[in-house]
Structure formats: structure tokens, C-alpha cells
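Listed below, chain by chain, are the residues.
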Amino acid sequence: MPLDVRSGKLWLGTNWKMHKSLAEGQIYCRELQAIADTLHPDIELFVIPPHTSLYPLKAMLQGSRIRLGAQNMHWEDEGAYTGEISPMMLAEIGLDLIELGHSERRQYYNENDADINRKVHAACRHGLRPLVCIGENAEQKNAGITEEVLSMQLKICLAGLSQTQAANVLIAYEPVWAIGASGIAAEAGYVGQVHGHIRRVLAGLFGEIGARMPILYGGSVNESNFESYLDQQDVGGLFIGRAAWDINRFRHILSTVHQRMNA
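Residues numbered from 1 in each chain as written. Predicted model: local features only at pLDDT ≥ 70, side-chain atom pairs only at ≥ 80, totals over all residues. Heavy atoms only, no water.

**Thoughts on the overall build of the chain**
Note the cut-off: Starting at the N terminus, helices and strands are each numbered in turn, a helix being any DSSP run of H or I of at least four residues and a strand any DSSP run of E of at least two. With C-alpha atoms as the basis for the radius of gyration, the globule rule is written as 2.2 Å multiplied by the number of residues raised to the power 0.38. Working definition: with a 1.4 Å probe on protein chains only, accessible area under 20% of the residue-type maximum means buried, over 50% means exposed, and in between means partly exposed. Working rule for contacts: check all heavy atoms of both residues, and any pair within 4.5 Å makes them a contact.
From N to C terminus, the chain includes twelve helices and eight strands. Taking 18 Å as the expected radius of gyration for a compact globule of 263 residues, we find that the chain reaches 17 Å, a close match to that expectation. Overall size of the chain, expressed as C-alpha extent along the three principal axes, is 50 × 45 × 35 Å. Across the 263 residues of the chain, 52% fall into the buried class. Of the contacts formed within the chain by residues at least 6 apart in sequence, a portion of 72% connects residues at least 24 apart.

Encoded structure:
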């Protein structure tokens, strides 16, 4: 089976964005826990809820194999930053992951690669595993500069990391034109080509560590196309949106991946 297992694990997870109340999240996670207990041991499951659900869900998931992450954070431990959450606060909850650089953060809140780099370093200081999102928009893709855009994002977002720190980083390739309700599903071959480029950049930056860093794909992933993405050599997991918000749809994807890994 051509799943990429360079990192030893296959990462499958979802970001709820601004969806699900605490009660809805608890019901979802309770069902996901039951599914998780039946899955192949090399599947790494994660969920990234809104900040208001993090503390109670962490208590609920304590001891389970489901990793819990936050959708954003500030790079400072404390300060006069109204409305922000610090890495120290998230680490205190005992979170596993921190999603950084999502295109919606860049689009609506003016985040840039230098900001994300500060956050990556802050996450590493506090033992949070950064999940760094990169991706080109439609204009950049049509101009044929996808590789240049992704190279720049990677080199700035990961600047200054040691090899030890880089070994703890996850990369999520999410083309901006492919995400959201109006997103267009990318061709699997295109995803494989881009992931190959990302792998080469990471290997150039971090050597053998870069050759093993997990690279997830996200962007209109659903029940009809997820297997085609996993068939690409350098796809080490899936970062799934709407198709994973419904626990029954996510169950189908997870069950299929489990069967493939046992084949």
C-alpha cells in the first residue's frame, strides 16, 4: 500500500473552525473515542476545536489516543494583548498541537509568515507541536508560482529552528483555492507533485529530519477522493474539514484507512 509512512505514523484530523458548541463537541469526541480504540496503532488522530472547548475536552480525552490542539495563539507568554491566548495558557491545559498559519488567519487577520515564525518558536518553547499551514491562492497557482510561494512560506515560517525542533513540526499543505464551502478539490497528481516539492524544501532545510517530517494534505478532502490523496508518496496524512465534522462521515474515512493499513 503506497501510504507515506516515513514518519512512522499517518496523521488524520480535523479543525472545527468556529463550529460546534461544547455539548456538541463532547458528543462528537465521545463517539470518536470509541472509533479510535478500533484503529490501526499507526494512525495518529487529532481534533482542533474552538478555544472555549479545549479545557473540558482535554479532561474528557485524558488517556485516550486522540490528540487535542488549538486553532491559534499569540507568540508572547503574557502581555497587554486583549482577546489573545498565550502558549503558556495552552500548555497549561496539556494540549498536544497548535495549528498555525491557516489561510483564514492570513486573510482575515493579516497574519504573515514572520508572525507565524514567532508562534512556531513559542510553541516549541512550551512543548506544543506546531501544525504549520501553507498554501497558494488561485492567482498564484494560475501564475505558475506555486512552488516559489510554498518555498518562501516554509523558509520564513520555519526559520531559526534546530533539527531537534523541526523533528516535532507537522506541515499541512492547504491550497487556498481548495478549502472552504466553495473550494475546488485538487487533482491527486497535483497534490503529489506539490508534496514532493515540499519534501525537497524540508530536506534542504533540515536534512534527514526534513525527509521524515509529516506533510498532511487538506482541501476539500471527502469520502470520494481521500484515498487518491493517500496514494501519493509524500502525503503523510489528511487534514480534513467538513467531511470530518460529521462523525459518521469521518468514521467511514477512518475505517477505510484502517482496512488499507491492515491489508
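**Brief notes about the environment of alanine 70**
Position of alanine 70 relative to the elements: it lies in strand β3 (residues 66-70). For alanine 70, a relative accessible area of 0% corresponds to the buried category. Sequence separation between alanine 70 and asparagine 168 is 98 residues, and the spatial gap between their C-alpha atoms is 16 Å. Contact partners of alanine 70, with chain neighbours within four places excluded, come to Ile48, His51, Leu54, Leu90, Leu95, Leu97, Ile98 and Glu99.

**What about the environment of methionine 152?**
Looking at the element boundaries, methionine 152 is found in helix α7 (residues 146-157). Taking the C-alpha atoms as reference, methionine 152 lies 26 Å from isoleucine 48; in sequence the two are 104 residues apart.

**Let's talk about the pairing of strand β1 (residues 10-15)**
Moving residue by residue along a regular strand, the side chains alternate between the two faces of the sheet. Selection criterion: Strands qualify as paired when DSSP identifies two bridges or more between them. Here the term right-handed applies to a crossover when the path leading from its first strand over the helix to its second strand runs clockwise, the strands being oriented away from the viewer.
In terms of burial, β1 is largely enclosed, as six of its six residues are buried. The alternating pattern of β1 places Leu10, Leu12 and Thr14 on one face and Trp11, Gly13 and Asn15 on the opposite face, and all of these are buried. Pairing geometry for β1 and strand β2 (residues 43-48), over six bridges, is parallel. Paired with threonine 14 across the strands is valine 47, a residue of β2. Crossover connection from β1 via helix α1 (residues 22-36) to parallel β2: handedness right-handed. Alignment of β1 against strand β8 (residues 237-240), held across four bridges, turns out to be parallel. From the neighbouring strand, leucine 12 faces β8, where its bridge partner is leucine 238.

**Points about the layout of surface pockets**
The cut-off we apply is this: Two kinds of site are reported from a 1 Å grid over the protein atoms alone, namely cavities, where a 1.4 Å probe fits but cannot get out, and pockets, open sets with protein on both sides within 12 Å along at least five of seven lines, and residues are called lining when an atom falls within 4 Å of a point. Grid points are joined across faces, edges and corners, and a volume is the space filled by probe spheres set on the points. As a working rule, the residues Ala, Val, Leu, Ile, Met, Phe, Trp, Tyr, Cys and Pro are called nonpolar, Asp, Glu, Lys and Arg charged, and the rest polar, with Gly in that last group.
Volume-wise, the largest pocket comes out at about 880 Å³. Lining of the largest pocket is provided by 36 residues; of these, Asn15, Lys17, Met18, Gln71 and Glu104 occupy positions nearest its centre. Those elements that provide at least two residues to the lining of the largest pocket are α4 (103-109), β8 and α11 (242-245). No other element matches α4, which puts four residues into the lining of the largest pocket. Classifying every residue of the lining of the largest pocket gives 14 nonpolar, 14 polar and eight charged. Reported here for the second largest pocket is a volume of approximately 180 Å³. Together, Ser103, Arg106, Gln107, Asp113, Gly135, Asn137, Gln140, Val149, Met152, Gln153 and Val176 line the second largest pocket. Secondary-structure elements contributing two or more residues to the lining of the second largest pocket are α4 and α7.

Scope: geometric values only; no functional claims are made or implied.
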